[in-house]
Amino acid sequence: MEHKVARDDELREGELREVQVAGKKVLLLRCDGVVRAFGARCPHYDGPLAKGLLHDGRLVCPWHQGTFDAGTGDLLEPPPLSGLSTFAVRLDGGDVYVDRPDDAPRQRTMPMAGRDPRDERTFAVIGGGAAGAAAVEALRQNGFTGRIVLLCREERRPYDRPNLSKDYLAGKGSADWLPLRPVSFYERHDIELVHTGVTSLDAASRRLELDDGTSMTPDAVLIASGALPRRLEAPGAELPGVFTLRSWSDCDAVIAAVAGAARAIVIGASFIAMETAAALRERGLEVTVVAPDETPLAAQLGREVGELLRARHEERGVRFALGRTIARFEGDQRVRAAQLDDGRRLEADLVVVGVGVTPATAFVVNAARSDDGGLDVDDELRVNDNGVWAAGDVACYPERHVGGRVRIEHWRLAEQHGRAAAASMAGRGAPFDAVPGFWTEQFGLRVASVGVGRGWSDALAVGDVAGGDFTMFYIGDEVLVAAAGTRDLDLAAFSELMRRGRLPRPDDLRGRSDAGLVGLL
Ligand SMILES: Cc1cc2nc3c(=O)[nH]c(=O)nc-3n(C[C@H](O)[C@H](O)[C@H](O)COP(=O)(O)OP(=O)(O)OC[C@H]3O[C@@H](n4cnc5c(N)ncnc54)[C@H](O)[C@@H]3O)c2cc1C
């Protein structure tokens, strides 16, 4: 039913405003003079869109930079996979009325082509993670009417992997949160989920051998097999109770081990390790982080931000043994302790190893590889001109904004890759130019990053890093290459400025308490 929500003349161009319509939140905005009304929350984790950014016809969520067309609510950039619900707006006598039906859905699936039985092509996607899940939807969105087979080695349908080291592991999020889509979604759009792995792919011929003994030669293949956690070489690393964390079942195994456990060791000071330490502490365990680093995450975010995160952990009781490695694990039926390289012995009921990943590409032959085992792709994510693409953690791609080839292990980028590769497979490709970004959440502190945070030589802080209210800028060759911090609008603006090649010079930011990036848009 229709409700009066604002005066027309008081809503400025570019303004985002959350209003109530019959007790339900609606986002009101004015873009190019026109007032529009959408669902107020981002379909990805309910980010408050009214606190986001409206720029260049793009509405950017402040939390994880999900981006929507401000005119239509259509999805432009993940992590959400859906567009926004749209509501009718009527102007009458200078008043703005919005009609939001009581049963309006939370999100709107983007238009998708139906399966046409006369289209005899088969496209196969290897891996139902971030890139694969985004790609199968985007194939239909880009008009592909042939058969789509999503080959998943895991028994689960696509799910939200980043949550495995956050709320789900901490016991604060339920299993219902994790699947990206209901089974009915895949059925409705004729996307076949086949729960078997690919044993081998010959990229020259596109022939796939599957774990179940069958084979297929699809008309196009997308490799989206992600990465595998590195294991420790230390003696005893194979003992029960020593875990890695990549899949939902890995996470459930850790959670099962938490019952009856009192002490945990987390090895590594990567994002996943630090999040795991926080989540296990939130479950009441005594947690010690053991890592060779002097400061957690210093290589990625710099020492100051790393110290902030370490302090946050220490305030909540996490202990650190930094500058140390594991000499050996002790235990009989299961792990009982770890001995460090300085001789110290830490008792443990469970150990989680978070020391990085390697791209899961061992099954691929006849494809060009990057030094670290990733797959080299061109600017449309093609592995070759013979119908093979790669996306996500496996793909080493030409990065447009800072230059060079990079392989980046981020959820949102994997989804961006998946969508771009699918468009290219469907004949609607364009050079990939999305700005990478990721986020981490530790003890309720969300630090996000945009740009390419590697190879930087200098960092410049704006705001109060130790107080957790800041944006850190990363500089390589006298230009800004990335930003990270807790000031959402700075990061959203940085991403938009990078996308448009309009970032300020580092010197323009020195000595400021407010980076003022939104004003530069
Ligand atoms: C616990 C955890 C927390 C994370 N948190 C964040 C975060 O907060 N922010 C962020 O940006 N990133 C985060 N990441 C990283 C992010 O999840 C990855 O970058 C992203 O999932 C990569 O997507 P992908 O599609 O390339 O691979 P994946 O999502 O790993 O999916 C690959 C899939 O392919 C399957 N597969 C592998 N080999 C085969 C085969 N031969 N045949 C068939 N299937 C196969 C795998 O089983 C898997 O299901 C996190 C990762 C983990 C593990």
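Each remark here, short or long, concerns the structure printed above.
Reading the values: rules and limits
- Residues numbered from 1 in each chain as written.
- Predicted model: local features only at pLDDT ≥ 70, side-chain atom pairs only at ≥ 80, totals over all residues.
- Heavy atoms only, no water.
- Helix = DSSP H or I, 4+ residues; strand = E, 2+ residues; numbered from the N terminus.
- Rg over C-alpha atoms; globule rule 2.2 N^0.38 Å.
- Buried < 20%, exposed > 50% of the residue type's maximum accessible area, 1.4 Å probe, protein only.
- Contact = heavy atoms within 4.5 Å.
- Salt bridge = Lys/Arg side-chain N within 4 Å of Asp/Glu carboxyl O.
- Phe/Tyr/Trp six-rings, centres within 6.5 Å; stacked < 30°, edge-to-face > 60°.
- Pairing = 2+ DSSP bridges.
- Near = heavy atom within 4 Å.
- Polar contact = N/O pair within 3.5 Å; in protein donor to acceptor, adjacent residues only side chain to side chain.
- Areas by Shrake-Rupley, 256 points an atom, 1.4 Å probe, with all protein chains shown as cover.
- Nonpolar A, V, L, I, M, F, W, Y, C, P; charged D, E, K, R; others polar.

**Student:** Residue-level account of the overall build of the chain, with values.
**Tutor:** Along the chain, the regular secondary structure elements total 9 helices and 37 strands. Computed over the C-alpha atoms, the radius of gyration of the chain is 24 Å, within 12% of the 24 Å expected from 2.2 N^0.38 for a compact globule of 521 residues. In terms of overall dimensions, the chain has a C-alpha envelope of 80 × 60 × 50 Å along the principal axes. Of all 521 residues assigned to the chain, the portion counted as buried reaches 56%. Look at the contacts in the chain between residues 6 or more apart in sequence, and 61% of them connect residues 24 or more apart.

**Student:** Residue-level account of the pattern of salt bridges, with values.
**Tutor:** A pair can form between side chains of opposite charge whenever their charged atoms are brought close. Evaluation of the coordinates by the stated rule reveals 51 salt bridges. Close ionic contact of Arg-405 with Asp-376 constitutes a salt bridge, the shortest N to O distance being 3.6 Å. Here Arg-405, found in strand S32 (residues 405-406), pairs with Asp-376, found in strand S29 (residues 375-376); they are 29 residues apart in sequence, far enough to count as distant. Under the relative-accessibility criterion, Arg-405 is labelled partly exposed at 45%. One salt bridge in this structure joins Asp-507 and Arg-510, with 2.8 Å as the shortest N-O distance. For Arg-510, a relative accessible area of 39% corresponds to the partly exposed category.

**Student:** Give a detailed account of helix H4 (residues 248-258), specifying residues and quantitative values.
**Tutor:** Within H4, burial applies to Trp-248, Cys-251, Val-254, Ile-255, Ala-257 and Val-258. Its buried side turned inward, H4 meets helix H2 (167-170), strand S19 (242-244), helix H5 (271-282) and strand S26 (350-353). Note on H4: the residue one or two positions beyond its end, Gly-260, has a positive phi of about 85°.

**Student:** How would you summarise the packing of aromatic side chains if you had to cite specific residues and measurements?
**Tutor:** All told, the structure shown has 8 aromatic pairs when counted by the stated rule. Taking the centre distance of 6.1 Å and the plane angle of 80° together, the rings of Tyr-168 and Trp-248 count as edge-to-face. Of the two residues, Tyr-168 sits in helix H2 while Trp-248 sits in helix H4, which places them 80 residues apart along the sequence. Among the residues examined, Tyr-168 registers a relative accessible area of 10% and is labelled buried.

**Student:** Requested: an account of the sheet that holds strand S16 (residues 215-216), with residues and values cited.
**Tutor:** Read across the open sheet, the 4 strands follow the order S16-S15-S14-S28; overall the sheet is mixed. The two strands at the open ends of the sheet, each matched to only one other strand, are S16 and strand S28 (364-365). Note: strand S14 (residues 198-202) against strand S15 (residues 207-210), 4 bridges, orientation antiparallel. Bridge assignment links Ser-200 to a residue of S15, and that residue is Glu-209.

**Student:** Before we move on, could you go through the site of the ligand and cite the residues and values that matter?
**Tutor:** If you check the shell around the ligand, you find 32 residues, and the closest are Glu-154, Lys-166, Val-198, Arg-246 and Asp-393. At 2.7 Å, a side-chain N or O of Arg-246 approaches an oxygen atom of the ligand. Its free accessible area being 980 Å², the ligand has 94% of it covered by the protein chains. Counting residues per element, the ones that place at least two in the shell around the ligand are helix H1 (130-141), H5, helix H8 (411-425) and strand S33 (437-442). Per-class residue counts for the shell around the ligand are 15 nonpolar, 9 polar and 8 charged.

**Student:** Could you give an account of unusual backbone geometry, with specific residues and numbers?
**Tutor:** Glycine aside, the phi torsion of most residues is negative, and most peptide linkages are trans. Of note, the bond from Pro-78 into Pro-79 is cis; its omega dihedral lies within 30 degrees of zero at 20°. For Pro-79, the location among the structural elements is in the loop between strand S8 (75-77) and strand S9 (86-92). In this structure, Leu-381 is a non-glycine residue whose phi angle is positive, near 70°. Position of Leu-381 relative to the elements: it lies in the loop between S29 and strand S30 (388-390).

**Student:** Which residues make up the environment of Ser-249, and what values do they have?
**Tutor:** Among the secondary structure elements, Ser-249 is positioned in helix H4. Reaching out from Ser-249, the side chain makes a polar contact with the side chain of Ser-247 at a distance of 3.3 Å.

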